[in-house]
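This is what each chain is made of:
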Amino acid sequence: MKKIYTYVILTLFVSLAFISKTKAQSFYDINTIQSISITFIQNNWDYQLDTAKAGSDGYIMAKSVSINGMVFDSVGVKYKGNSTYNTNQVKNPLHIELDTYKNQDYQGYTDIKLSNAAKDPSFVREVLSYSLLSQYMDASLSNYANVTINNNLIGLYVSSESVSKKFVNNHFYSNDNAFFKCNPLGGAGPGGSAPKPNLVYLGNDSASYSTAYEIKSDYGWADLISLCNTLKNNINGIETILDVDRALWMIAFDNILVNLDSYIGGFTQNYYLYKDDNGRFASVLWDFNESFGTFSQTGTIQLPNTTAKSQMTHLLHANDANWPLVQRLLSVPTYKKMYLAHLYTILNENFSTNSYYASAQALQMIINASVQADHNKFFTYSQYQSNLNNDVTAGMTSAPGITKLMDARYTYLTALPDFTNTKPTISDVAPGTINPEMNTSIFITAKVLNTNTNSVYLGYRNTIADKFTKILMYDDGAHGDGDSGDNIYGASVLMSNTFMQYYIYAENNNVGMFSPVRAEHEFYTVYSLITTLNPGDLVINELMAQNTATVTDPAGDYADWIELYNNTANIVSLDNLYMSDTYSNLLKWQFPAGTTIAPNSFLIVWADEDLEQEGLHAGFKLSASGENVILSYPGGTKIEEVAFGPQTADMGNARVPNGTGAFVIQNPTFNLNNDSLLGIAKVVANEISVFKNYPNPFTQQTSISYQLTEPLDVQMKVYDLSGRELTTLVDEYQQPGFYKVSFEAREDISPAGIYFCRIIAGGHSEVIKMVCLK
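Reading guide: rules and limits
- Residues numbered from 1 in each chain as written.
- Predicted model: local features only at pLDDT ≥ 70, side-chain atom pairs only at ≥ 80, totals over all residues.
- Heavy atoms only, no water.
- 1 Å grid on protein atoms, 1.4 Å probe; cavity = no way out; pocket = protein on both sides within 12 Å on 5 of 7 lines; lining within 4 Å.
- Points joined across faces, edges and corners; volume = space filled by probe spheres on them.
- Nonpolar A, V, L, I, M, F, W, Y, C, P; charged D, E, K, R; others polar.
- Helix = DSSP H or I, 4+ residues; strand = E, 2+ residues; numbered from the N terminus.
- Buried < 20%, exposed > 50% of the residue type's maximum accessible area, 1.4 Å probe, protein only.
- Phe/Tyr/Trp six-rings, centres within 6.5 Å; stacked < 30°, edge-to-face > 60°.
- Lys NZ or Arg CZ within 6 Å of the ring centre and 35° of its normal.
- Pairing = 2+ DSSP bridges.
- Disulfide = S-S within 2.5 Å.

Moving on, we get to empty space enclosed by the protein. Under the criterion given, the structure shown has three cavities of 30 Å³ or more. The space that makes up the second largest cavity amounts to roughly 50 Å³. Lining the second largest cavity, in full, are S115, N116, A117, D120, F123, E126, V158 and N289. Grouping the constituent residues of the lining of the second largest cavity by class yields three nonpolar, three polar and two charged.

Okay, unusual backbone geometry next. Cis geometry marks the peptide bond from S515 to P516, where omega comes out at -5°. The step from V656 to P657 runs through a cis peptide bond, and the omega angle for that step is 0°. The phi dihedral of D287 is positive, around 70°, even though this residue is not glycine. Summarising the element assignment, D287 is placed in the loop between strand 13 (281–285) and helix 6 (306–310). Backbone geometry at N487 places phi at a positive 70°, although glycine is not the residue there. Examined against the element boundaries, N487 turns out to sit in the loop between strand 19 (469–472) and strand 20 (488–495). Owing to a relative accessible area of 32%, N487 belongs among the partly exposed residues under this scheme.

Per the stated rule, a full pass over the model turns up 32 aromatic pairs. Plain terms: the ring middles of F351 and Y356 are 4.6 Å apart, the flat faces sit at 50° to each other, and that makes the pair tilted. For the pair F351 and Y356, one class covers both residues: buried. For the ring pair F468 and Y503, a centre distance of 5.2 Å and an interplane angle of 70° mean the geometry is edge-to-face. One end of the pair, F468, is in the loop between strand 18 (455–461) and strand 19; the other, Y503, is in strand 21 (residues 499–507), with 35 residues separating them in the sequence. Judged by relative accessible area, F468 falls into the buried class, the value being 6%. Connected via pairs of aromatic rings, a cluster forms that spans Y457, F468, Y503, Y505, F514 and F523. Over the face of the ring belonging to Y59 we find K78, whose NZ or CZ atom lies 4.7 Å from the ring centre.

Turning to the sheet that holds strand 31 (residues 602–607), a few remarks are in order. Overall, mixed pairing links the six strands, which are arranged 32-31-26-25-35-36 in an open sheet. Edge positions in the sheet fall to strand 32 (617–618) and strand 36 (662–666), since each has one partner strand and no second.

This next bit is on the pairing of strand 4 (residues 60–67). Most of strand 4 is tucked away, with six of its eight residues classed as buried. Sheet analysis places strand 3 (residues 34–39) next to strand 4, joined by four bridges and oriented antiparallel. Counterpart to S37 in the pairing with strand 4 is S66. Alignment of strand 4 against strand 5 (residues 70–79), held across seven bridges, turns out to be antiparallel. When the sheet's bridge partners are listed, I60 is paired in strand 5 with V77. Linking two consecutive strands that pair antiparallel, namely strand 4 and strand 5, is a turn of two residues; a positive phi of about 50° is found at N68 within it.

This next bit is on the layout of surface pockets. In this structure, the second largest pocket encloses a volume near 590 Å³. Lining the second largest pocket we find 26 residues, and of these N169, Y173, S174, D277 and L611 sit closest to its centre. Breaking the lining of the second largest pocket down by element, the ones donating at least two residues are helix 3 (165–172) and strand 29 (589–590). Considering only residue class, the lining of the second largest pocket consists of nine nonpolar, eight polar and nine charged.

Now for the state of the cysteines. The full count for this structure, using the stated rule, is zero disulfides. Free of any disulfide, C228 has its nearest cysteine sulfur in C182, 8.9 Å distant. Taking the relative accessible area as the measure of exposure, C228 reaches 1% and is therefore buried.

It is worth stressing that arrangement in space is one thing and function is another; only the former is reported here.
Written as structure tokens, this is what we have:
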């Protein structure tokens, strides 16, 4: 056992451009162009997709979809999109749903959304926008994919993570609350009196909202109506039902990037709302194909050219009742100052040094060859090269040069008083105790300099799923802050968990400032002093990522499972320990307090997100296409991390020897010693004696001999090294006696390699290894 001694660190739950989040290559690795190949049996697949799009918008079954060489059969495919879809174009946006007809996924993803860059000559607007946004709020991952259909290259697509129940579960730690896609059901259009998803209160009848918002949950209209009502009639109570900070980041980001096909534009669309377990709606942005000024309709002010767009007011709709999320929030002085702080941070971090431009150039270097090879793109290669810096007009599309727009916008905004006003400066943020004991109170202090500072707040929380609680900090000499009036502010908080996340916010008469500047998305963390296990004491011993018929959980479901094993001769405690399937969020699921494992014993965790069911159920599922499982403590101390590749249905991925060895694919030994399948003991229950195959190694044929001491049902199957079943040699009831079975190495069954023969008899099983040299 050991104890963690960690210092306060700045925790960065953020995807940094061009840096992979995981140790394994991800489907959304921004440095890698993915390969997606769709095969339809029908030669008229395009006609069928068009027909489905015009009708019920249902899926057409593809014979197969290959993703980076991994093949999935019977997959749902349909066209998607509104203004970027057209029956007369070859390259239409696509939605691939891997689990329409079968339970299958790729690295945990089932929905693949592919946009066709129909409005973006540069090909970088969407991916660049998501990368920038992820610094400030939870955002979809995004990169590129080359797509072929029936062996014909359709072109280069932008692949962006679907805002699905998986997404909200990963980021908001639940997926069964009110969930809305804020887009009109029939698609947005200019003018008209039809309701828009603008959060205007329309009364208590859900029918008034049903065409403007697409509900993604089983219920939630009353929750949405309550949000609209609160915005209009009780702005002082808005924090009980809305994550205000996240909403301010959304408005600020759309404004800086002149992203008007969004809530702040004429159609007030292209965002999601999910109500977390704290009862607050969290906003999620999506669809950036017309960011950086390609869409020009604000709904009020006309922006006819790049200059007008670069000078768009940062207070757009602050006085417009048809945009209540802007109007009502910015009517509260503190919220407006927080908004100005977020605007300043986005400008300063991305556009003062032109780091966004370097990112855009890097993206074009990655995709350059694929853009040239895309014969169905909507703009010329010359226009693609030019649009980073110069305006491009083609057909109905007028796309500002990205640097031309943003350089001018930075110059315009930073000259305004809201950006030149003196801001509070925050420094020397620290806890009074580096590693406090749990359930003790500690002081958090910070130096805040500005003669006009009138309020300083501490925001803190003790679990990642909680909302931040905000309390005032004082410079009065009574809150761990030193002397009164020395510009050191302090506040006392209870350390009720193994860690506490916090930030500082200060404001003067004109503007606010956060520390860290990306709060609440980023924050400082202080850790309690806790006792931890040593690496190797507790291990991930076996896992199954595709359980279709092996063993059920207490609720009777065939769920993914993870088997832990205690390698020590002592009872071990799992207090304060977390399990996760991603390095970007190591604190994804915490073992319940009081969980222990007996010496040299096993513990099963069901990876199914069914947190309310009997037994241990993790808040994530395993992907049959491969991912990670990590055991760690707050502060980043990892005691176990396992990366696994594609898995075979109902086969275990187990350590051999048990508890210490490397992972091998074999028949599962659920809650049992993994060595039982590898022929370590040559006699099974005194009922069957098994002998090694001879010859071994072999070239053409080998024989497996065994002897029964009593009548038994006997089954003998051969598997390759990946766990794929090749053939059945025996499957019958046999009398006592000596038996010899031959296995022939035919080209259609077994090329050279290692194979396993599994023998099951009398409720016991054994595996012997065979080596073919052919």
